Amino acid sequence: MPADSFHFPSLVWDWPIAIYLFLLGISAGSVTFAVLLKQKVLGDKASQSGVLKATAILGPASVVLGLLILIFHLSRPWTFWKLMFHYQFDSVMSMGVMLFQVYMAVLFVWLGGVFASELAWLRERLLPGRFGWVDGLLARIPGFDKIVEPLLLLLAVLLGAYTGFLLSALKSYPMLNNPVLPVLFLVSGLSSGVASCILVSTTLFKTRAHSDEIQFLHRFETPLVLIEALLLLCFFTGLWFGDGQKMVALISAIGGGFWSQVFWFGVVGVGLIAPLLLGRLLPGHGRGKLLLICGCSLTGILLLRYFILYAGQMTVA
């Protein structure tokens with residue numbers, strides 16, 4: 001690997017940002033499909049679902065871990081609280097922090113309603129005879145699902161798109177200043193959410209590969225991969241028909257070198273082609289097949305974040 005692939009003069013944001021964007025996509029994607037799964041398949045049995053239990057971990061934990069990475073990446077991490085309470089409406093980063101706060105609040109309310117009986121049992125075990133009023137509040141939340149669930153879906157979609165808006169705000173980089181980027185990151189984030197939910201629910205919560213909930217998620221994998229491939233084509237087509245520096249950015253990104261190999265072999269080969277081929281060539285719908293496909297998808301999506309971040313900063317307007 002060339003020494004300058006991760007270190008070059010025009011680099012502003014480095015690898016922690018790629019992981020941060022990847023984790024936010026997982027949270028947005030897992031929550032989006034968990035809400036749809038509850039509405040379309042599970043209904044009142046949602047609290048028994050391994051996918052919903054996986055989302056209860058993935059949804060909040062991915063955001064918290066991503067924010068911790070971002071905080072410790074700051075030059076003065078002890079001042080992070082200023083970002084949490086001092087909003088700047090002309091800053092994409094500040095608007096993102098506001099979005100996180102609203103998203104997390106609504107997510108915890110929704111999860112509290114889904115797992116109300118389980119939380120009541122846990123409270124009684126840990127704090128017997130105390131805070132019983134909390135059980136009553138949680139039990140009332142499902143009555144507001146017609147408001148909470150559409151709002152949570154909207155916030156999850158905004159979070160997934162925000163990961164692309166954050167990079168597209170870097171206007172001095174022709175490759176990143178691209179209107180397709182938010183949609184591309186949203187779709188790839190949805191794909192990572194599906195893959196993560198399947199991985200966690202089948203391994204940690206022993207959900208059967210042939211269950212209705214896993215098959216519901218699995219139906220979205222191929223369409224999302226195809227849409228992601230189409231958006232990548234649109235992304236690079238926009239660079240091809242752009243001005244001189246956009247063409248330079250395109251050639252620099254996929255025309256040769258380390259990041260070009262990451263794109264062709266990692267993003268396209270492992271992340272797009274491999275899941276499609278494995279889905280067609282491997283027999284059955286067993287757990288091993290699902291885990292392999294999901295592993296390839298997540299690897300490709302993480303490499304996509306790295307590729308866009310680093311290759312996008314190699315060319316300056």
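For the protein chain, the name recorded in an unreviewed UniProt entry is Cytochrome c nitrite reductase subunit NrfD, with Aeromonas schubertii as its organism. Recorded in UniProt under Sequence similarities (unreviewed entry), the annotation for the protein chain is "Belongs to the NrfD family."

Caption draft 1: Structural detail: the overall build of the protein chain. For the protein chain, the helix and strand inventory stands at 12 helices and 0 strands. Its C-alpha atoms give the protein chain a radius of gyration of 21 Å, near enough to 20 Å, the size a compact globule of 317 residues would have. Entry remark: accessible area of the protein chain is about 15100 Å², with carbon and sulfur atoms responsible for 71%. Across the protein chain, the 20 positively charged side chains and the 14 negatively charged ones have centroids separated by 4 Å.

Caption draft 2: Quick look at the nonpolar core. Formed by 93 residues in total, the largest nonpolar core has its most connected members in Y103, W110, M175, F236, F307 and I308. With 14 residues, the single largest contributor to this core is helix 1 (residues 15–42).

Caption draft 3: Main features of the pattern of salt bridges. Summed over the entire model, instances satisfying the criterion amount to 2 salt bridges. With a shortest N-O distance of 3.0 Å, D145 and K38 are connected by a salt bridge. Of this pair, D145 sits in helix 7 (residues 145–168) while K38 sits in helix 1, placing them 107 residues apart in sequence. Under the relative-accessibility criterion, K38 is labelled buried at 14%. Between E149 and K38 there is a salt bridge, with its nearest N and O atoms 2.9 Å apart.

Caption draft 4: The environment of P275, seen in detail. Relative to the helices and strands, P275 resides in helix 11 (residues 258–281). By relative accessible area, P275 is classed as buried at 7%. Look past the residues within four positions of P275 in its chain and what remains in contact with it is V270, I293, C296 and S297.

Caption draft 5: Structural view of the state of the cysteines. Counted by the stated rule, this structure contains 0 disulfides. In this model C294 remains outside any disulfide bridge; the closest cysteine sulfur is found in C296, 9.4 Å from its own. For C294, a relative accessible area of 0% translates into the label buried.

Caption draft 6: Main features of the UniProt feature "transmembrane region" (unreviewed entry) in the protein chain. The feature "transmembrane region" (unreviewed entry), as given by UniProt, occupies residues 17–38, 50–72, 92–116, 151–170, 182–204, 224–242, 248–278 and 290–311 in the numbering adopted here. Counting secondary structure, residues 182–204 comes out at 96% helix and 0% strand; the distance between its end C-alpha atoms is 32 Å. The straight-line gap between the two end C-alpha atoms of residues 224–242 is 27 Å; of that span, 89% is helix and 0% is strand.

Caption draft 7: Local environment of the confidence of the model for the protein chain. Across the protein chain, pLDDT averages 88, with 93% of residues at or above 70. Mean pLDDT in the protein chain bottoms out at helix 3 (residues 80–85), which sits at 64, and peaks at helix 8 (residues 181–203), which reaches 95.

Caption draft 8: The packing of aromatic side chains, seen in detail. Counted according to the given criterion, the structure contains 15 aromatic pairs. For the pair F6 and Y310, a centre-to-centre distance of 5.0 Å together with 70° between the ring planes defines the contact as edge-to-face. Residue F6 is located in the segment before helix 1, and its partner Y310 is located in helix 12 (residues 287–312); the two are separated by 304 residues in the primary sequence. Through pairs of rings, three or more aromatic residues link up here, namely F6, F258, W259, Y306 and Y310. Across the ring face of F185, the terminal group of R305 is positioned such that the distance to the ring centre comes to 4.2 Å.

Caption draft 9: Region of the structure containing the side chain of D145. D145 gets classed as buried once you look at its relative accessible area, which sits at 15%. Of the polar contacts made by the side chain of D145, one reaches the side chain of K38; its length is 3.0 Å. Beyond its immediate stretch of four places on either side in the chain, D145 contacts K38, W110 and P150.

Caption draft 10: Region of the structure containing the packing of helix 2 (residues 50–73) against helix 8. Viewed as axis vectors pointing N to C, helix 2 and helix 8 meet at an angle of 110°, and their least axial separation amounts to 8 Å. Classified by the interaxial angle, the pair formed by helix 2 and helix 8 is roughly perpendicular. The element helix 2 and its partner helix 8 pack so that their crossing is right-handed. Between helix 2 and helix 8, the contacting residues are G50, V51, A54, T55 and L58 on the first element and S196, C197, V200 and S201 on the second. Its residues assigned to classes, the contact of helix 2 with helix 8 shows 5 nonpolar, 4 polar and no charged.

How each quantity is defined
- Residues numbered from 1 in each chain as written.
- Predicted model: local features only at pLDDT ≥ 70, side-chain atom pairs only at ≥ 80, totals over all residues.
- Heavy atoms only, no water.
- UniProt positions renumbered as here; feature names shortened; annotations may be inferred.
- Helix = DSSP H or I, 4+ residues; strand = E, 2+ residues; numbered from the N terminus.
- Rg over C-alpha atoms; globule rule 2.2 N^0.38 Å.
- Areas by Shrake-Rupley, 256 points an atom, 1.4 Å probe, with all protein chains shown as cover.
- Lys, Arg positive; Asp, Glu negative; His and termini not counted.
- Charge placed at Lys NZ, Arg CZ, Asp CG, Glu CD.
- Core = buried A, V, L, I, M, F, W, Y, C linked by side-chain atoms within 4.5 Å.
- Buried < 20%, exposed > 50% of the residue type's maximum accessible area, 1.4 Å probe, protein only.
- Salt bridge = Lys/Arg side-chain N within 4 Å of Asp/Glu carboxyl O.
- Contact = heavy atoms within 4.5 Å.
- Disulfide = S-S within 2.5 Å.
- pLDDT = per-residue confidence, 0-100.
- Phe/Tyr/Trp six-rings, centres within 6.5 Å; stacked < 30°, edge-to-face > 60°.
- Lys NZ or Arg CZ within 6 Å of the ring centre and 35° of its normal.
- Polar contact = N/O pair within 3.5 Å; in protein donor to acceptor, adjacent residues only side chain to side chain.
- Axes fitted to C-alpha atoms, helices over the stretch in contact; angles between N-to-C directions.
- Parallel < 35°, antiparallel > 145°, perpendicular 65-115°, else oblique.
- Left-handed = near helix turned anticlockwise from the far one by under 90°.
- Nonpolar A, V, L, I, M, F, W, Y, C, P; charged D, E, K, R; others polar.

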